[in-house]
Amino acid sequence: MENRFINGPAGRFIFLAIFVFSFALNAQEKDSQKGQNTGDGLSFQIQKIQKLYANGKNIKNNWLAFELIDANYYFAASIFAKRHLIANGEHNDIFEEALEKIVVKTGVEVFADLPEDILTKAKGPTLALVLGLRKFREKRYQESLKALEIIPAHHRFGPEALLISGTIYNLQGMQNKAIDLYRTCHRTATYAANKSKHEKLERYYSLISEFCLIHTARMEYKNKQYDKSLMLYDDIDKNSYQWPYILLEKAWGQYQSQDYNRTLGLLVTYKSPLLDSYFFPEAELLTALSYFKLCLYDDALQIIDNYYADYRPKSESLKLTLAKLAKEKNGFLATIFKQRSEKEDLGPFISKLATQIRKEVKFNLDLLTLRRAQDEIQAFNSWPNSMVKYLLIGEIQDMANYLEHGLNQYVASKFYKFINDVHKFSYELFNIKLEILSKKRGLIYSNLKLVADRARGSEINVKRKSTQHFWDFRGGFWADELGEYSFGLKSNCQEIGIKNAQGDKQ
Amino acid sequence: MKTIFYASLILLALSSCFIATVFSDEKAEAKVNYKYKKYERFDLGNLEVQGNVIAPGDLSVKERERRTFNRSLFSRGNFDDESRKDVLDLR
């Protein structure tokens, strides 16, 4: 009987009706998830949120947070999540998952205003990360370690927690613990990056993995294990966002290993048009130091003179421009989004520094978060007037202002750091100049001179390890050679006596 | 009565004489001029100093190379600040 009913025309009709109904329901759910109005009426989810909020004293903050997360309003969800945490303290696993989602989408800044006792009381990896980062920022390292230790290595925030803990031990000089943590961090972050389905998440884990590797290389450098350090740096891919920055660190490693030709080769990479926006006063100093160590005093003096002729006047001009920008509200941030020609009109270095900042992960993440907050405000503006609407708009606007101010400060700090670096290394270059003059005077007093006036490069002066090949780059892609250069200069440090007019050595 | 009058006249005359003498002495003291020798010659070589000589008689300088002062040029000891910044700039 049942079979006949199902197989008959009525059964087919019922199946069709169920299919159409479920399709319509699905479509409605999708619309409501986006939190948009469908046709003339409000979306189901918005109504639900408004109803939940209209409960007065019996508002279920956690329910509101869940509903807002379902509707992809993460900033709004954070408001009720915080209220729930303040009211209840401890929370269950489902709420912990919601907190994770909020932090992934908005960053830890949304929980910046939560009191410390709430963060300590509410056990869970997400708030432990928030607390750990806060303590790290305040340089209260033991408290940071204590907060982070509850995050398991294979948790979503595990690699980041390992990176922070490793860095703390590194800064405190506890090398073995730091190396262990960095190693685990590199392994888990690489695994997570390979498993990630979203591009941004993959980039986040890849970045952590690279940082753990770079920090280990830095630790080896600090321990004067320069060869080990350089080998670790070589593991960083050239496509990495960090690669242009580690060129300078690698150059220091080569310099400390007394391979001044490799140092100069690495530093000359910054002259490539591809790395045009990466310019560091410290690279100029290291170039001068390398020439100095090779006793090529005139070359070193040339670098110093160029620095004084180029960097110093431009940095003075930049200082004046920054003073003007400081008077405008979020003036530094606005500069980043100006047209190239406008930036060049503003002053020297602005355009290149802006390009450099725009490529930074921190800046891009914060900017994305700011855009998300602004999008949420825009979405809530289309809601019908209600208490919850104005509450959400007001609070999210405060968060957006905070984020925007933070970004502006970040850009300003980058600009001012550059100016400070120019001045700092100007002083150091002056020291090298004095040293060169002193050496030259010493030679004259001793009636000596250096073996050659000007060194010429030669292949035979290039030091090579088993892992370093001599590329001829014939038929290769031009960008492959970046970071592989080496000069072939012979050391000019041999001193010889000056012959007098009769040809006798004195 | 007359005797007293004459006696007081005599006393007055005597006291005025005394005062005049005192003032005239002060004026005389103020006018004292000290005179110094316009030229005096000291022959240091001829001076004799009594005592025992404890320092060596000849002055000797040890020959050494000219000292060169090396300035401490900039050198990177670590990248700790960069590592800390990496953590803070991750988010």
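Rules and cut-offs
Residues numbered from 1 in each chain as written. Chains lettered and ligands numbered in written order. Predicted model: local features only at pLDDT ≥ 70, side-chain atom pairs only at ≥ 80, totals over all residues. Heavy atoms only, no water. Axes fitted to C-alpha atoms, helices over the stretch in contact; angles between N-to-C directions. Helix = DSSP H or I, 4+ residues; strand = E, 2+ residues; numbered from the N terminus. Parallel < 35°, antiparallel > 145°, perpendicular 65-115°, else oblique. Left-handed = near helix turned anticlockwise from the far one by under 90°. Contact = heavy atoms within 4.5 Å. Nonpolar A, V, L, I, M, F, W, Y, C, P; charged D, E, K, R; others polar. Buried area = accessible area lost by both parts, 1.4 Å probe. Salt bridge = Lys/Arg side-chain N within 4 Å of Asp/Glu carboxyl O. Polar contact = N/O pair within 3.5 Å; in protein donor to acceptor, adjacent residues only side chain to side chain. Patch = residues over 30% accessible without salt bridge, like charges linked within 9 Å, V, L, I, M, F, W, Y side chains within 5 Å. Areas by Shrake-Rupley, 256 points an atom, 1.4 Å probe, with all protein chains shown as cover. Phe/Tyr/Trp six-rings, centres within 6.5 Å; stacked < 30°, edge-to-face > 60°. Buried < 20%, exposed > 50% of the residue type's maximum accessible area, 1.4 Å probe, protein only. Core = buried A, V, L, I, M, F, W, Y, C linked by side-chain atoms within 4.5 Å. Disulfide = S-S within 2.5 Å.

S.K.: Which residues make up the packing of helix α21 (residues 361-381) of chain A against helix α22 (residues 387-445) of chain A, and what values do they have?
M.R.: All names here are of chain A. At a closest axis distance of 9 Å, the pairing of α21 and α22 adopts a crossing angle of 160°. In terms of their interaxial angle, α21 and α22 are classed as roughly antiparallel. Crossing of α21 over α22 shows left-handed handedness. Facing Lys362, Phe363, Asp366, Leu367, Thr369, Leu370, Ala373, Glu376, Ile377, Phe380 and Asn381 of α21, the residues of α22 in contact are Lys389, Leu392, Ile393, Ile396, Gln397, Ala400, Leu403, Glu404, Leu407, Tyr410 and Val411. Residues that form the contact of α21 with α22 fall into these classes: 14 nonpolar, three polar and five charged.

S.K.: A description of the interface of chain A and chain B should follow, citing residues and the corresponding values.
M.R.: Listed per partner, the contact involves 47 residues of chain A and 23 residues of chain B. Together chain A and chain B conceal approximately 3100 Å² of surface at their shared face, both sides included; 59% is due to carbon and sulfur atoms. When the buried surface of chain A facing chain B is broken down by residue, A:Arg218, A:Lys362 and A:Glu435 rank first, second and third, together holding 16% of it. The partner of B:Asp86 in a salt bridge is A:Arg218, with the nearest N and O atoms 3.0 Å apart. The interface formed by chain A and chain B includes 11 residue pairs in polar contact (both at pLDDT 80 or more). At the level of secondary structure, the elements contributing two or more residues to the side of chain A that touches chain B comprise α8 (125-137), α10 (158-171), α12 (199-222), α14 (243-256), α16 (281-293), α21 and α22 of chain A. Here the side of chain A that touches chain B gets 12 residues from one element, more than from any other, and that element is α22(A). By residue class, the composition of the side of chain A that touches chain B is 26 nonpolar, seven polar and 14 charged.

S.K.: Now, about a nonpolar patch on the surface: what can you tell me, with residues and values included?
M.R.: A cluster of nonpolar side chains, B:Phe5, B:Tyr6, B:Leu9, B:Ile10, B:Leu12 and B:Leu14, forms an exposed patch at the surface whose accessible area comes to about 650 Å². Relative to the helices and strands, B:Tyr6 resides in helix α1 (residues 2-30).

S.K.: Any details on the packing of aromatic side chains? Residues and values, ideally.
M.R.: The geometry of an aromatic ring pair comes down to the distance between the two centres and the angle between the two planes. Residue and element names in this part refer to chain A. Within the structure shown, the criterion is met by 26 aromatic pairs over all chains. Between Tyr245 and Phe280, the aromatic rings sit 6.0 Å apart at their centres with planes inclined by 55°, giving tilted as the arrangement. Within this pair, whereas Tyr245 is found in helix α14, its partner Phe280 is found in the loop between α15 (260-268) and α16, the two being separated by 35 residues in sequence. Of the residues examined, Tyr245 reaches a relative accessible area of 22% and is grouped as partly exposed. Judged by relative accessible area, which is 16%, Phe280 ranks as buried.

S.K.: Kindly report on the nonpolar core, identifying the contributing residues and their values.
M.R.: With 153 residues, the main nonpolar core has A:Phe111 and A:Ile432 as its most contacted residues. Of the residues forming this core, the biggest block, 21 residues, is contributed by α22(A). Ignoring sequence-local partners within four residues, the contact set of A:Ile432 consists of A:Leu285, A:Ala288, A:Leu289, A:Phe292, A:Ile304 and B:Leu73.

S.K.: Give a detailed account of the state of the cysteines, specifying residues and quantitative values.
M.R.: All names here are of chain A. Evaluated as defined, the whole model comprises two disulfides over all chains. Disulfide partner of Cys185: Cys212, at an S-S distance of 1.8 Å. Its torsion about the S-S bond being 60°, the disulfide of Cys185 and Cys212 is classed as right-handed. On the criterion of sequence distance, the pair formed by Cys185 in helix α11 (residues 175-195) and Cys212 in helix α12 is long-range, its members being 27 residues apart. Residue Cys185 is classed as buried on the basis of its relative accessible area, which comes to 0%. Cysteine pairing for chain A, with bonded cysteines counted in sequence order: 1-2, 3-4.

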